[in-house]
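Letter by letter, the chains look like this.
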Amino acid sequence: MVKIKLPDRNVLEYSRRVRPLDIAADIGPRLAKATIAAVADGQLLGADTLLPSEGEIEFRLLTKKDPEALDVMRHSCAHVMARAVMRLFDGVQLAFGPTVDNGFYYDFYCEHPLSDADFPKIEAEMARIVKEDGPFERIEEPREKAIQLCTELGQTLKVEHIQEGLADQETVSFYRQGEFLDLCRGPHVPSAGAIGAFKLLSVAGAYWKGDASKQQLQRLYGTAWFDKKDLEEHLQRLEEAKRRDHRVLGKQLELFLIDPEVGSGLVLWLPKGATIRRELEGFIYGELIKRGYQPVYTPTIGRVHLYETSGHYPYYADSQFPPIEMSDGDRYLLRPMNCPHHIRIYQSKPRSYRDLPLRIAELGLVHRFEQSGEISGMTRVRGFTQDDAHIFCTEDQVADEFRGCLDMTQFVLSTLGLNDYRVRLSFRDPKSDKYVGDPANWDKAEAALESVCRDLGLPNLEIEVGEAAFYGPKADFVASDCIGREWQLGTVQLDYNLPGPERFNLEYIGPDNQPHRPVMIHRAPFGSLERFTGMLIEHFAGAFPLWLAPEQARVVVVSQKFEEYARRVEQTLREAGLRVSGDYRPEKIGAKIRDAQLALVPYMLVIGGREQENGTVALRDRIDGDLGALAVQEVIEKLKAEIAERKTRQAN
RNA sequence: GCUGCUGUAGCUCAGUCGGUAGAGCGCGUCCUUGGUAAGGACGAGGUCAUGGGUCCGAAUCCCAUCAGCAGCUCCA
C-alpha cells in the first residue's frame, strides 16, 4: 500500500505500482490530459514513471502552469531538435542536450557545418515531429546492454559516457521517440504534442564534456515555450537587449571606439564617453574620500621582480603582455594588477596599529592579455581601469571594513538605479589543502563576512563553499539591470597571501610593541570603469540621467532670426557649468527637435520670437515633452538641482 | 586559444551566373526662416578589411593574416 499525498492535503492510496498519469486520471480526465510530469518527494519524474508500491509520497502533478514543466518540455524539445537533425543529416553523433535559462541546446558531432541557413529546414522537421505527437518512452537497460545498444547505433560518444561518466550506475535510461533513441536521464513530456512554440536561435562550437582538448562539437541553441505569445515576448526581450547593446549604442552615440590599429580589446574613450567617465570618477572619488580612503597615483608598469614577489608572475604569464626587456637586463611588466604598487606604498615606512586601517585608492589602469575570443566591447577588454583600493587592517577590523565596502557599493549602485543586486560569498573548502594562511583566521574571517551580510539583511545572499581564492575568502557583486540581465561587477577579497612571509612580509607594530601581520583587503566594487560604463550604457539604453549625460541641454532656435539671443542663452548655461550645445542649422524646428530627441539629449531649450521678447526659453523635456516658458535662471536652477540630486528618471 | 559565421561610402545595408560599384541616412553647397519627432534641389564620398593565388577578367572563387559576431575554454 502506497499513500500519495497531494498538495491539497488529499491522500490517495494504491495497492499496486502506479504512474503519475494514472493518478492524474483518477483525479480527472482533463488533468490527465494536461499532465506534463510530476514531482514525487522533491524529485522530478516523467508522467509514465512507475512509483513504488509502498510508503508515503509527497506528490505533485505538473502542468503547463508549473515552471518545472517548462524545463521538462524544453528538454523534450532538445530531443526533437536532435531527431530532426538526424533525419536531415548523416553521421550525427549525439553528445548532450540539456536545458538552459529560457531554452535548451544540443551538442553533437555532424560533418555538415550547420549555419542559420539550415534553421528553417530543421524547424520544419521539428514541427512535423511535434505534429506527429509520438510518445516519449522510457527504457531502462543494464550497463552492458546499454553499451551494446549505443555501439549498434554508432553513438560512440554515448558509449564513452556510459563507460566513464556513468561507471557507477547499474542501469541507465533511454528515451525512445519513434526511430530516435537517446541515452537520457529524463524526464520528458508524455508525447511530442505537448511541445509548444519553439525557435532555433544560434549555432556555436562546443567541446565534448567542456574540455578544449577533446572533440569539437556543434551546439544548436533553441528556445521553447508553451504559448506562442510567450515565445514572441521572449524574442522581443532578445531584440530589446540587442537594441541596448553598448557596442551598438557606443558607436551610434560616439561614446567609445575600439580601433584595430591601436589593438584589439583596447578602448578609446571618445569625448562624450570620457565625459560620462569623468562624472563617474568624480562621484566615486567623492565617496572614497568621505569614507576615509586616501588617493594615490602609481605607474602602469613595474619591474618584473615585483610581480615575482607577488607570485603573479610567471603564474599568469600566459595572460599578461610579455615583459619589456631593457638593454641593461632589467625587465618591466605592464602591470596586470595594482596591489604590488600599493603594497610598496604601505611598506614605504614603518606602520603602527594606530595607522590602521590604511585605505589607499586608485583608479588604476591595468593590462591583461585576454584570449582573443574573450574580448567583447567594453565589458571584456585588455586594458581596463579598476576602481581599486587596498585596505590594510588588523584581524579585528575585517568585519567593519567589509561592511564599509558593502555599504559604499550599495550607495553607489542605488544612486544609479541599480537596486537589484546580490552578493555571492565564496568560502574555502575545509577539506582542501590549497589555501594559504591560518585556518583559524579563515574561520574567523568567513564568519565575520557572513554575519555582516546577515546584519545588512542582503536578499539573495549565496554562500559557495570551495569557490574562494587560494589566498582568502571573497564576495562578488552581481547586479541586475533594468531588463533583468545580471552583471558580475566587482569583488571584495580578503588576502592572507600577499602580506605573508613568502610574499611581501607586511608588518605593523601593535600596542604590545611587537610586529604583527596585517590583513589585506582588495576591493573593486564596480570591477572596472570600462565594464561598468558598458553596463550603464545598456542599463540606460544610452539615455543617461542628467548628471551623467554628455550633452545635458541643447538650444534649438525656431528660426535663425533668434540666433543671437539663443547664443547668449547657451553661453549663460555654459558659464553656469552645464554641458550645453546649440543647433542653429537652417532646419525646421521639428527636425531639430527630432535630432535632439534621437541624440538622447535630456533637455531642449526652444527659442523663438516669444522667448526672445520675454527673455525666457521654452523648456522641452526629452521624456515629458514641452514644459512651457521659463526664465533662463529658472532653467539653470532646475537643471542644477536635478544634477545635484543625481536623479535617475525612467531608464529609457 | 578553439569551432562556425561575417568584413562593400562616416553609419545601416543591397550587389544575380566572375564582366570593373548601388540605396537610405549622414555630410557639403544653395533655396526655404519655420513653434515641439524628418522642407526642397544639387553635390562630394569607395585600393569592396589586408596580402597572396586562380582566371582574359575577382567585391564575387581559393589560401593566409587582421578584425568583429555567436558560443566553447580560461580569468589574479
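Residues numbered from 1 in each chain as written. Chains lettered and ligands numbered in written order. Predicted model: local features only at pLDDT ≥ 70, side-chain atom pairs only at ≥ 80, totals over all residues. Heavy atoms only, no water.

**Section: the packing of helix H5 (residues 143-152) against helix H6 (residues 156-164)**
Between H5 and H6, the shortest axis-to-axis distance is 8 Å and the interhelical angle comes to 165°. Here H5 is positioned roughly antiparallel relative to H6, judged by the angle of their axes. Crossing hand, H5 versus H6: left-handed. Facing Arg143, Ala146, Ile147, Cys150 and Thr151 of H5, the residues of H6 in contact are Lys158, Val159, Ile162 and Gln163. (Axes fitted to C-alpha atoms, helices over the stretch in contact; angles between N-to-C directions. Helix = DSSP H or I, 4+ residues; strand = E, 2+ residues; numbered from the N terminus. Parallel < 35°, antiparallel > 145°, perpendicular 65-115°, else oblique. Left-handed = near helix turned anticlockwise from the far one by under 90°. Contact = heavy atoms within 4.5 Å.)

**Here we look at empty space enclosed by the protein**
The gaps left among the atoms become clear once a water-sized probe is rolled over them. Enumeration according to the criterion identifies one cavity of 30 Å³ or more in this entry. The space that makes up the largest cavity amounts to roughly 130 Å³. Taken together, 14 residues line the largest cavity, and the ones lying closest to its centre are Phe544, Pro545, Arg622, Ile623 and Arg649. In terms of residue class, the lining of the largest cavity is built from eight nonpolar, two polar and four charged. (1 Å grid on protein atoms, 1.4 Å probe; cavity = no way out; pocket = protein on both sides within 12 Å on 5 of 7 lines; lining within 4 Å. Points joined across faces, edges and corners; volume = space filled by probe spheres on them. Nonpolar A, V, L, I, M, F, W, Y, C, P; charged D, E, K, R; others polar.)

**Quick word on the domain arrangement of chain A**
Taken domain by domain, chain A comprises domain 1 (2-63), domain 2 (68-243), domain 3 (256-296 + 334-539) and domain 4 (553-645). If you average the C-alpha positions of domain 1 and of domain 3, the two centres end up 50 Å apart. (Domains from an automatic or database assignment.)

**Some words on the state of the cysteines**
According to the stated counting rule, one finds zero disulfides in the structure shown. For Cys339, which is in no disulfide, the shortest distance to another cysteine sulfur is to Cys405 and amounts to 14 Å. Not part of a disulfide, Cys393 finds its nearest cysteine sulfur in Cys405, a span of 9.2 Å. (Disulfide = S-S within 2.5 Å.)

**A word on the nonpolar core**
With 69 residues, the main nonpolar core has Phe402, Leu416, Val423, Phe532, Leu536 and Phe544 as its most contacted residues. Per-element tally for this core: the top contributor is helix H12 (residues 398-415), with eight residues. Ignoring anything within four residues of it in the chain, the contact list for Phe402 reads Leu425, Leu449, Val452, Cys453, Ala475 and Val492. Within the second largest apolar cluster, 44 residues are counted, among which are Val80, Leu114, Ile195 and Phe226. (Core = buried A, V, L, I, M, F, W, Y, C linked by side-chain atoms within 4.5 Å. Buried < 20%, exposed > 50% of the residue type's maximum accessible area, 1.4 Å probe, protein only.)

**Describing the protein's contact with RNA strand B**
Around RNA strand B, 51 residues are found, and the nearest of them are Ser372, Glu374, Val558, Gln560 and Glu611. Of everything in RNA strand B that lies within 4 Å of the protein, sugar and phosphate atoms constitute 42%. A distance of 3.2 Å is found between a sugar or linking oxygen of RNA strand B and a side-chain nitrogen or oxygen belonging to Tyr316. The contact in question runs from a base nitrogen of RNA strand B to an N or O atom on the side chain of Gln371, over 3.1 Å. Elements with a contribution of two residues or more to the surface near RNA strand B: strand S12 (197-207), strand S13 (216-225), helix H8 (246-252), helix H16 (589-598), helix H17 (609-614) and strand S32 (616-621). Considering each element in turn, the surface near RNA strand B owes the most residues, seven residues, to H16. Along the lines of polarity and charge, the residues of the surface near RNA strand B split into 19 nonpolar, 19 polar and 13 charged. (Near = heavy atom within 4 Å. Polar contact = N/O pair within 3.5 Å; in protein donor to acceptor, adjacent residues only side chain to side chain.)

**Brief notes about the layout of surface pockets**
Counted as a void, the largest pocket has a volume near 1,400 Å³. Forming the walls of the largest pocket are 45 residues, and the residues nearest its centre are Arg368, Gln386, Tyr471, Thr491 and Gln493. Going through the elements one at a time, strand S21 (383-393), strand S22 (421-427), strand S24 (474-480), strand S25 (486-495) and strand S28 (519-524) are the ones with two or more residues in the lining of the largest pocket. Ranked by residues supplied to the lining of the largest pocket, first place goes to S25 with six residues. Partitioned by chemical class, the residues of the lining of the largest pocket number 14 nonpolar, 18 polar and 13 charged. Estimates place the volume of the second largest pocket at around 860 Å³. Looking at the second largest pocket, it is lined by 31 residues, and the ones nearest its centre are His75, Ser173, Cys184, Arg185 and Gly186. Here the lining of the second largest pocket is composed, by residue class, of 13 nonpolar, 12 polar and six charged.

**Looking at the pairing of strand S29 (residues 553-557)**
Buried residues dominate S29, accounting for five of its five residues. Of the two faces of S29, the one lined by Ala553, Val555 and Val557 and the one lined by Arg554 and Val556 are each fully buried. As paired strands, S29 and strand S30 (residues 580-583) are joined by four bridges and run parallel to one another. Its bridge partner lying in S30, Val556 is registered against Asp583. Between S29 and its parallel partner S30, the chain crosses via helix H15 (residues 563-575), and the hand of that crossover is right-handed. Alignment of S29 against strand S31 (residues 603-607), held across five bridges, turns out to be parallel. Bridged to Ala553 within S31 is Tyr603. (Pairing = 2+ DSSP bridges. Right-handed = clockwise from strand over helix to strand, strands pointing away.)

**Details of the environment of Val304**
Note that Val304 resides in helix H10 (residues 304-310). Once you skip the residues sitting within four places of it in the chain, Val304 turns out to touch Tyr313, Pro323, Arg331, Tyr332 and Leu333.

**Some words on the side chain of Glu551**
For Glu551, the location among the structural elements is in the loop between helix H14 (529-539) and S29. At 2.3 Å, the side chain of Glu551 and the side chain of Ser581 are in polar contact. Beyond its immediate chain neighbours, meaning those up to four positions away, Glu551 contacts Arg579, Ser581, Val601 and Pro602.

**Notes on unusual backbone geometry**
Each neighbour pair has its own omega, and for Leu356 with Pro357 the value is 0°, a cis peptide bond. As for its position among the elements, Pro357 is in the loop between helix H11 (339-346) and strand S20 (358-367). One non-glycine residue with positive phi stands out, namely Asn505, at about 55°. By the secondary structure assignment, Asn505 is in the loop between S25 and strand S26 (508-509). The phi angle at Ala541 is positive, at roughly 50°, despite the residue not being glycine.

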